[in-house]
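A closer look at the structure
Next come the chains, spelled out residue by residue.
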Protein chains: 2
Amino acid sequence: MTTAPLIILVRPQMGENIGAVARAMSNFGLEELRIVAPRDGWPNPKAVEMAAGAEYIITDAKIYDDFTSAMADINIAYATTARPRDMNKRVVSVEVAMQEIAPSLTLPQRERELKVALVFGSERAGLENDEITLCDNIITIPTSENNRSLNLAQSSVIIGYEWLKMSAELGVPSAEKNLQQSAPKSDMFGLFEQLEEYLDKSEYFRTENKKPIMWQNLKNMLLRGAWSEQEIRTFRGVLRSLWERSK
Amino acid sequence: MTTAPLIILVRPQMGENIGAVARAMSNFGLEELRIVAPRDGWPNPKAVEMAAGAEYIITDAKIYDDFTSAMADINIAYATTARPRDMNKRVVSVEVAMQEIAPSLTLPQRERELKVALVFGSERAGLENDEITLCDNIITIPTSENNRSLNLAQSSVIIGYEWLKMSAELGVPSAEKNLQQSAPKSDMFGLFEQLEEYLDKSEYFRTENKKPIMWQNLKNMLLRGAWSEQEIRTFRGVLRSLWERSK
C-alpha cells in the first residue's frame, strides 16, 4: 500500500545530489525513489556516500530508461519546476500540493492504490516541456528575488518537510475525490496515441512546425480534468465514434 | 533597520556548509550572517564557492571570537537544536517561531530596532548547553523516525523557507489564475451543442434511455478542465477536424 508520494528524478547528473535527495526523503518519511536515465549510470557509489542514513532508499531505487515508463502507473504527478511561458498548467504551492496529496494517500476508505509522484528535473536544465506536459500540476517553491535558484538537495528538503508536516497533521479535507479517481498515466498515454493518429490522418496540424506546440497545448488541457479510467474509456469511445463514421 | 532575523553559526567546521547556509539565506530573504570561531579560519574560499549567488552574504559576514559577543545586541534568540534533558526551555516549531518573529520585525510601529537571531551549532556537536541557555527559545524541526539527523544545509533551508512564507504571508498563490482564465460557461455550452450533434449523428448513444446519464458524465468530465476560451476553440477545432473527414 502506498502511503507517501514517490519521488521521480529525471536525468539527474551528480551522484551526490541523488544521495542528498534520498537523505531528505528518509528525513521526512518518503520512501520510494525512481530515477530516469541517471547521467553517470547505476549503481552510483557517490549517491550511497551522500545518503547518510538513507542507503536503503538508494538500494531500492528503480531505474528507468525514459520518463513515460517511470510515469506509467502514476495517477497524479506534480512537477517541481518553474512554469514555462505559454504552458497552461495548474500551479500550486508546496503546502497546497501536500494538502491535496496527504488525505488521498492516508484515508483508509479509498478503494484502490493511488500513486502520486513528485517529479524533479536534472540539475542543469530541469524538466523538458514535454515532461511537464505529462504532469498534472506544477509545484512552486517561494524564493527571494535576490536568489531564485534552488538546487535539488534544497528543493527535496522543502518538499519532504511539507509532506511530513501535512501527513502528520491530516484531517485536511481538500480535493481528495479528484485525486482518488484519476487513472494511471498510461491510460492517458494511450488516449494521446489514438487522438494523435486521428489528428495526423485528418491533417489537423496544418504545418509540421506548428504541431509540437499545438499538440502540447492539447495534451495539457486534456490532462487537466484528471480523468478516471472509465472517463478515459468514454472519451476514447467518443473519438472512435466520430472517427469511424469517416470510413 | 533590521527586517529579517540574523543567522549565527557557532563553530562551523566545513566552509562548504557555511556557503550552503549563505545560499539558503539569500534564497529566502535572510541577509545578515554572523560566524563564531569558524574552525578553518576566515575568509574561507570554499564558503564562497558553495554560496552560488550568495557571495555577498559571505563577504559581509561578521566574525566573532565567542558566542556571547555575537549575541550582545540580540534581543531574542532561537536555538536550532534538540532540547537537552533537564533543560527547561520553551520549544517551538519552525512555523510558530516565524509567526512570532515576523510581526515583530515588520510592524512599523515598533519603538526601537529589534534584533532576532537564529542560532545554529557546529556540524558535529551542535550547541553547548551554555549556549542554548543564552537563547530564549528552541526551534525544533520535525523529522521522520527513520532518520532524525538533519545537516546544517538542510536545517537552514527549512528555517529560511518558513521565514519567507511567513514574512510574505505567501499562503496560497495558485488556483486563482486557473479560475480567472476559465471561459464563460456559454463557450462550453456551444462546445456541448456541437459535440452532441456529432454524437447523435454517429449514433454514439446506442439507446435513447442511456443517453441522459452518458451525456451528463461526458459533460462533467469536459467541464472539469476549466478550459479557457482559446482552449475551447481548440477543442472544437479538434472535433470538427475528426468530423469533417467523414464528409
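The structure presented is a predicted model; accordingly, all values stated were derived computationally and were not measured.

Re the overall build of chain A
The helix and strand inventory of chain A stands at 11 helices and seven strands. Counting only C-alpha atoms, chain A reaches 60 × 40 × 35 Å along its principal axes. Burial status across chain A gives 60% buried among its 247 residues. Restricting the contact set of chain A to residue pairs at least 6 apart, pairs at least 24 apart contribute 83%. Charge separation in chain A, taken as the distance between the mean sites of 29 positive and 34 negative side-chain charges, equals 5 Å.

So, the side chain of A:Lys165
Mapped onto the elements, A:Lys165 comes out in helix α7 (residues 152-169). Assessed through its relative accessible area of 10%, A:Lys165 is described here as buried. In contact with A:Lys165, not counting residues within four places along its chain, are B:Glu95, B:Pro142, B:Glu162 and B:Lys165.

Some points on the pairing of strand β1 (residues 6-10) of chain A
All names here are of chain A. In terms of burial, β1 is a largely internal element, five of the five residues being buried. Side chains Leu6, Ile8 and Val10 of β1 all project onto a buried face; the interleaved residues Ile7 and Leu9 project onto the opposite face, where all are buried too. Judged from the four bridges that link them, β1 and strand β6 (residues 116-120) form a sheet pairing that is parallel. From the neighbouring strand, Leu6 faces β6, where its bridge partner is Ala117. Sheet topology note: the β1/strand β2 (residues 33-36) ladder contains four bridges and is parallel.

Observations concerning the interface of chain A and chain B
Taken together, the contact pairs 64 residues of chain A with 64 residues of chain B. Taken together, chain A and chain B are joined by five salt bridges. There are 31 residue pairs in polar contact (both at pLDDT 80 or more) connecting chain A and chain B. Of all the elements in the fold, those that place two or more residues in the side of chain A that touches chain B are α1 (15-27), β5 (90-93), α5 (94-106), α7, α8 (176-181), α9 (185-201), α10 (211-223) and α11 (229-244) of chain A.

A look at the packing of aromatic side chains
Overall, the coordinates contain 13 aromatic pairs over all chains when judged by the stated rule. Relative to A:Phe235, the ring of A:Trp227 has its centre 4.9 Å away and its plane inclined at 45°; by these criteria the two rings are tilted. The interplanar angle of 15° and the centroid separation of 4.6 Å between the aromatic rings of B:Tyr198 and B:Trp243 together place this pair among those described as stacked. Placement of the pair is B:Tyr198 in helix α9 (residues 185-201) and B:Trp243 in helix α11 (residues 229-244), with a sequence separation of 45 residues. Here B:Tyr198 falls in the buried class, since its relative accessible area comes to 7%. Residue classification places B:Trp243 among the buried positions, given a relative accessible area of 5%. A network of ring pairs unites the aromatic residues A:Phe192, A:Tyr204, A:Phe205 and A:Trp215 as a single cluster.

Topic: unusual backbone geometry
The omega angle of the peptide bond from A:Trp42 to A:Pro43 is 0°, so this bond is cis rather than trans. With respect to the helices and strands, the residue A:Pro43 is situated in the loop between β2 and α2 (45-51). The phi dihedral of A:Arg11 is positive, around 50°, even though this residue is not glycine. A relative accessible area of 25% places A:Arg11 in the partly exposed class. We note that B:Ala37 has phi near 45°; this positive angle belongs to a residue other than glycine. For B:Ala37, the position within the fold is in the loop between β2 (33-36) and α2 (45-51).

Here we look at the sheet that holds strand β3 (residues 62-64) of chain B
All names here are of chain B. Read from one edge of the open sheet, seven strands run β3-β2-β1-β6-β4-β7-β5, paired in parallel fashion. Whereas interior strands pair on both sides, the edge strands pair on one side only; in this sheet they are β3 and β5 (90-93). Pairwise comparison of adjacent strand axes, ignoring direction, gives a mean angle of 30° for this sheet. Note that β5 and strand β7 (residues 137-140) share four bridges and pair parallel. By the bridge assignment for β7, Val91 is matched with Ile138. Docked against the sheet, helix α1 (residues 15-27) engages β1 (6-10) and β2, running at close to 170° with respect to β1. This element, helix α7 (residues 152-168), spans β1, β4 (76-80), β6 (116-120) and β7 of the sheet and lies at about 155° to β6.

Quick notes on the pattern of salt bridges
Going through the model one piece at a time under the given rule, you end up with 30 salt bridges over all chains. Among the salt bridges present, the one from A:Glu100 reaches A:Arg90, with a minimum N-O distance of 2.2 Å. With A:Glu100 in helix α5 and A:Arg90 in strand β5, the pair connects residues that are 10 residues apart, well separated along the chain. Here the salt bridges do not stand alone but share partners, grouping A:Glu95, A:Glu162, A:Lys165, B:Glu95, B:Glu162 and B:Lys165 into one network.

Focus on α11(B)
Since the α-helix advances by 3.6 residues per turn, residues separated by three or four positions end up pointing in the same direction. Taking 1.5 Å of rise per residue, 16 residues should cover 22 Å, and α11(B) covers 22 Å from first to last C-alpha, within 8% of that figure. All of the buried residues along α11(B) are B:Glu231, B:Ile232, B:Thr234, B:Phe235, B:Gly237, B:Val238, B:Leu239, B:Ser241, B:Leu242 and B:Trp243. In this structure, the buried side of α11(B) is in contact with α9, α10 and α11 of chain A together with α9 and α10 (211-223) of chain B.

Some words on α9(A)
Counted at 1.5 Å a residue, the expected span for α9(A) with its 17 residues is 24 Å, and the 24 Å between its end C-alpha atoms agrees. Every buried residue of α9(A) is accounted for by A:Lys185, A:Met188, A:Phe189, A:Gly190, A:Leu191, A:Phe192, A:Gln194, A:Leu195, A:Tyr198 and A:Leu199. Contacts made by the buried residues of α9(A) are with α4 (67-71), β4 (76-80), α10 and α11 of chain A together with α11 of chain B. Once α9(A) ends, the next one or two residues include A:Glu203, with phi positive near 55°.

Scoring rules and cut-offs
- Residues numbered from 1 in each chain as written.
- Chains lettered and ligands numbered in written order.
- Predicted model: local features only at pLDDT ≥ 70, side-chain atom pairs only at ≥ 80, totals over all residues.
- Heavy atoms only, no water.
- Helix = DSSP H or I, 4+ residues; strand = E, 2+ residues; numbered from the N terminus.
- Buried < 20%, exposed > 50% of the residue type's maximum accessible area, 1.4 Å probe, protein only.
- Contact = heavy atoms within 4.5 Å.
- Lys, Arg positive; Asp, Glu negative; His and termini not counted.
- Charge placed at Lys NZ, Arg CZ, Asp CG, Glu CD.
- Pairing = 2+ DSSP bridges.
- Salt bridge = Lys/Arg side-chain N within 4 Å of Asp/Glu carboxyl O.
- Polar contact = N/O pair within 3.5 Å; in protein donor to acceptor, adjacent residues only side chain to side chain.
- Phe/Tyr/Trp six-rings, centres within 6.5 Å; stacked < 30°, edge-to-face > 60°.
- Axes fitted to C-alpha atoms, helices over the stretch in contact; angles between N-to-C directions.
- Expected span 1.5 Å × (residues − 1).

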